[in-house]
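# Architecture at a glance
Given next are the chains, with one letter for each unit.
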Amino acid sequence: MKQAIINEMRVLPSISPELEVKRRVDFIKEQLISANLKTLVLGISGGIDSCTLGKLAQIAINELNEKGSDYQFIAIRLPYDKQADEADAQASIEFIQPSLSITANVKNGADAIHDEAVNALKEVGAYVAEASADDFVKGNTKARTRMAVQYDVAGLMKGLVLGTDHSAENITGFYTKFGDGACDLAPLFGLSKRQVRQVAAFLGAPNNVMSKAPTADLESLNPQLADEDSLGLSYDQIDDFLEGKSTDALADQQLIDIYTRTQHKRVPIPTIYDNE
């Protein structure tokens, strides 16, 4: 099963950052042209993934515009109220130099959606969630609200929404279903986390963004909770598995268990015809 998962994730044991930049930029351009659209949209969080993908997107747009076309990349800041690592997000924006940078605060929308669901259950005496479970669910609501905003912007501007999912995230299902897991194209897929950092370093991304601990930062009770703490695995362990370099049997089995548990996020929505 281990090798089958590695094959599915498409991660190479080592990469040429220069080659990865070229082929992923080309992929972005091809997708935009084939869709007959001229706008790319991506939420910029302050983490390495959106910073790297944002730069690749802008390079793609710049190359397309060399022919005199009016292509554009819209970078969206999507804070929930005030973001603790706002400085990192702004450093990413400065590095990317997007065609257009906008900000949409998702607090009112996420709060309204979650409160309506909670109140509806409370009205009939069915609400049973503990504080930690409530906070976790609301974190996913934040992620889905962010994606809803990105799709609104893409719809209004006739564009495609980019997703930051790479293989170290994909194998663990470490994203919100129909939230940050929703997109029109995922140019970073096939890269491990360390390979994303290699590409970022090649592009000249800010050091503070490259070196910070990755965090989804969705839960209010655990702000800035590191991904590795949440997963119970380090990205080095995940990357070693993906790159076929792991010698840690315990970590490998833990990762296989996580992959199996989150498989519902990676497969099409089930129908009654799936087993025919």
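Definitions and cut-offs
For every chain, the first residue of its written sequence is number 1, and the numbers climb from 1 along that sequence. With the structure being a predicted model, the display of local features is reserved for residues of pLDDT at least 70 and the display and counting of side-chain atom pairs for 80 or more, all residues being used for whole-chain, interface and lining totals. Calculated side-chain values reflect all of the structure's heavy atoms, with hydrogen atoms and water omitted. UniProt positions are given in the numbering used here, feature names are shortened, and annotations may be inferred rather than shown by experiment. Numbering goes from the N terminus for both helices and strands, where a helix is a DSSP run of H or I of at least four residues and a strand is a run of E of at least two. Using C-alpha atoms as the atom set, the radius of gyration is obtained and then compared with a globule rule of 2.2 Å times the number of residues to the power 0.38. Residue contacts follow a heavy-atom distance rule, with two residues in contact if any of their heavy atoms lie within 4.5 Å. The Shrake-Rupley method, run with a 1.4 Å probe sphere, supplies the accessible areas, and residue values consider only the shown protein chains as cover. In this tally, Lys and Arg are treated as positive and Asp and Glu as negative; His is ignored, and so are the chain termini. Where a charge lies is defined by one atom per residue type, namely NZ (Lys), CZ (Arg), CG (Asp) and CD (Glu). By definition here, a salt bridge exists when the distance from a side-chain nitrogen of Lys or Arg to a carboxyl oxygen of Asp or Glu is within 4 Å. Three labels apply to residues, based on accessible area from a 1.4 Å probe with only protein chains included: buried if under 20% of the type maximum, exposed if over 50%, partly exposed otherwise in between. A strand pair is defined by DSSP finding two or more bridges across the two strands. Interaxial angles span 0 to 180 degrees and are taken between N-to-C directions of axes, which are lines fitted to C-alpha atoms, for helices over the stretch in contact. Classification of ring pairs rests on two measures: the distance between centres of Phe, Tyr or Trp rings, Trp counted by its six-membered ring, which must be within 6.5 Å, and the angle between planes, read as stacked under 30 degrees, edge-to-face over 60 and tilted in between. Note on criteria: charge over ring means Lys NZ or Arg CZ within 6 Å of the ring centre, with the direction from the centre no more than 35 degrees off the ring normal. Handedness of a crossover is defined as follows: orient the strands so they point away from the viewer, and if the path from the first strand over the helix to the second runs clockwise, the crossover is right-handed. The labels follow the angle: roughly parallel below 35 degrees, roughly antiparallel above 145, roughly perpendicular from 65 to 115, and oblique for the rest. For any pair of crossing helices, the crossing counts as left-handed if the nearer helix is rotated counterclockwise from the farther one by less than a right angle, and right-handed if it is rotated clockwise. When residues are grouped by polarity, Ala, Val, Leu, Ile, Met, Phe, Trp, Tyr, Cys and Pro land in nonpolar, Asp, Glu, Lys and Arg in charged, and all others, Gly among them, in polar.

If you check an unreviewed UniProt entry, the protein chain appears there as NH(3)-dependent NAD(+) synthetase from Agaribacter marinus. Quoted verbatim from the Pathway (unreviewed entry) heading of the UniProt record, the comment on the protein chain is "Cofactor biosynthesis; NAD(+) biosynthesis; NAD(+) from deamido-NAD(+) (ammonia route): step 1/1."

What the protein chain contains, in helices and strands, is 12 helices and 4 strands. In terms of C-alpha radius of gyration, the protein chain reaches 19 Å, essentially the compact-globule figure of 19 Å for 276 residues. For the protein chain, the spread of C-alpha atoms along the three principal axes comes to 60 × 45 × 45 Å. Within the protein chain, contacts between residues at least 6 apart in sequence are counted, and of these 77% link residues at least 24 apart. For the protein chain, the accessible surface area stands at approximately 13800 Å², while carbon and sulfur atoms represent 53% of it. If the 27 positive side-chain charges of the protein chain are averaged to one point and the 40 negative ones to another, these points end up 3 Å apart.

Glancing now at the pattern of salt bridges. Side-chain pairing between opposite charges can occur once the charged atoms of the two side chains come close. What the rule picks out here adds up to 17 salt bridges. For the salt bridge of R194 with D240, the shortest nitrogen-to-oxygen distance reads 3.1 Å. One end of the pair, R194, is in helix α8 (residues 193-203); the other, D240, is in helix α11 (residues 235-242), with 46 residues separating them in the sequence. You can call R194 partly exposed: its relative accessible area is 22%. Take D240: its relative accessible area is 26%, and that puts it in the partly exposed class.

Taken from the UniProt record, the annotation "binding site: Mg(2+)" (unreviewed entry) applies to D49 and E169. A stretch of 121 residues holds the annotated residues, and the largest C-alpha distance among them is 10.3 Å, short enough that they meet in one place. Here D49 shows up in helix α3 (residues 48-65). Each residue touching D49, except ones within four places of it in the same chain, is listed here: T164, H166, E169, L188, K193 and V196. Take E169: it is sitting in helix α7 (residues 167-170). With near-sequence residues (within four places) excluded, E169 lies in contact with D49, T164, F174 and Y175.

Turning to the sheet that holds strand β1 (residues 39-43), a few remarks are in order. Paired through their backbone hydrogen bonds, the strands of a sheet run either parallel or antiparallel. Strand order across the open sheet formed by 4 strands is β3-β2-β1-β4, with parallel pairing between neighbours. Taken across any chain shown, the strands that pair with only one partner, and hence form the sheet edges, are β3 (100-103) and β4 (159-161). Sheet twist, expressed as the mean angle between neighbouring strand axes with direction ignored, is 25°. Where β1 meets β4, 3 bridges bridge the pair, whose relative direction is parallel. Bridge assignment links L40 to a residue of β4, and that residue is L160. Contacts from α3 reach β1 and β2 (72-77), with the element oriented near 170° to β1.

With the rule as written, the count across this model stands at 0 aromatic pairs. The side chain of K38 reaches across the aromatic face of Y71, ending 5.4 Å from its centre. Of note, K265 hangs over the ring of Y175, and the distance from its end group to the ring centre comes to 5.2 Å.

Before going further, it helps to examine the pairing of β1. The buried fraction of β1 is high, at 5 of 5 residues. The alternating pattern of β1 places T39, V41 and G43 on one face and L40 and L42 on the opposite face, and all of these are buried. Across 5 bridges, β1 lies against β2 in parallel orientation. Its bridge partner being in β2, G43 is matched across the sheet by I76. Crossover connection from β1 via α3 to parallel β2: handedness right-handed.

As a further point, take the packing of helix α5 (residues 107-123) against helix α6 (residues 131-157). At a minimum axis separation of 9 Å, α5 and α6 run at an interaxial angle of 135°. One element, α5, and the other, α6, form an angle in the oblique class. Like other packed secondary-structure pairs, α5 and α6 cross with a definite hand, here right-handed. The segment α5 lies against α6, with G109, A110, D111, I113, H114 and V118 engaging D134, V137, K138, T141, K142 and T145. Of the residues in the contact of α5 with α6, the class split is 4 nonpolar, 4 polar and 4 charged.

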